[in-house]
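Now for the letters of each chain:
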Amino acid sequence: QLQASGGGLVQAGGSLTLSCAPSGRTFMRYVAGWFRQAPGKEREFVAAISWSGGSTHYADSVKGRFTISSNNVKTTVYLQMNSLKPEDTAVYYCAASLSYEGPYSTSDQSYEYWGQGTQVTVSS
């Protein structure tokens, strides 16, 4: 019920912006997050944002390089990725929760809605 897009192939040091929006419905007062899963590894938290956009949280591995945001009408969540590294290569998933009561969550167990994943490949 979420549509993620924007993945692709980029050289190390480059940038990509991922987008995530609900399909077929409007989400009200959600918290959202991005996760990623590299081959042979477990899915890991990347970034999260509160409904208002006033609270964000990042994994240490992406802090200072990635920025999570939402548009003014809260219909789309973005993940701006700068200074990409080969170790950022993974399938990236967006997630949203309508029921989570905190400002944001770093646990994938907190999210009810997931996108299909978009591949990000960073070449060295």
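Whatever comes next refers back to the structure up there.
Source: prediction; values computed, not measured.

Student: Before we move on, can you summarise the pairing of strand S1 (residues 2-5) with the specific residues and values?
Tutor: Alternating positions in S1 separate cleanly, Leu2 and Ala4 being buried on one face and Gln3 and Ser5 remaining unburied on the opposite face. In terms of strand pairing, S1 meets strand S3 (residues 16-22) through four bridges, oriented antiparallel. Across the sheet, residue Gln3 finds its bridge partner in S3, namely Ala21.

Student: Break down the sheet that holds S3 for me, with residues and values.
Tutor: Strand order in the open sheet formed by four strands is S1-S3-S8-S7, and the pairing between neighbours is antiparallel. Only two strands of the sheet have a single neighbouring strand rather than two, namely S1 and strand S7 (66-70). Ignoring strand direction, the axes of neighbouring strands in this sheet form an average angle of 15°. Where S7 meets strand S8 (residues 77-81), five bridges bridge the pair, whose relative direction is antiparallel. Bridge assignment links Ile68 to a residue of S8, and that residue is Leu79.

Student: Go over the state of the cysteines with me, naming the residues and quoting the values.
Tutor: The term disulfide refers to a covalent linkage connecting the sulfur atoms of a pair of cysteines. Taken as a whole and judged by the stated rule, the model has one disulfide. The residue that forms a disulfide with Cys20 is Cys94, at a sulfur-sulfur distance of 2.1 Å. Looking down the S-S bond of the Cys20 and Cys94 bridge, the torsion is 70°, so its handedness is right-handed. Pair noted here: Cys20 is in strand S3 and Cys94 is in strand S9 (residues 90-97), with a separation of 74 residues, a long-range link. According to the relative accessible area criterion, Cys20 is buried, its value standing at 7%.

Scoring rules and cut-offs
- Residues numbered from 1 in each chain as written.
- Predicted model: local features only at pLDDT ≥ 70, side-chain atom pairs only at ≥ 80, totals over all residues.
- Heavy atoms only, no water.
- Buried < 20%, exposed > 50% of the residue type's maximum accessible area, 1.4 Å probe, protein only.
- Helix = DSSP H or I, 4+ residues; strand = E, 2+ residues; numbered from the N terminus.
- Pairing = 2+ DSSP bridges.
- Axes fitted to C-alpha atoms, helices over the stretch in contact; angles between N-to-C directions.
- Disulfide = S-S within 2.5 Å.

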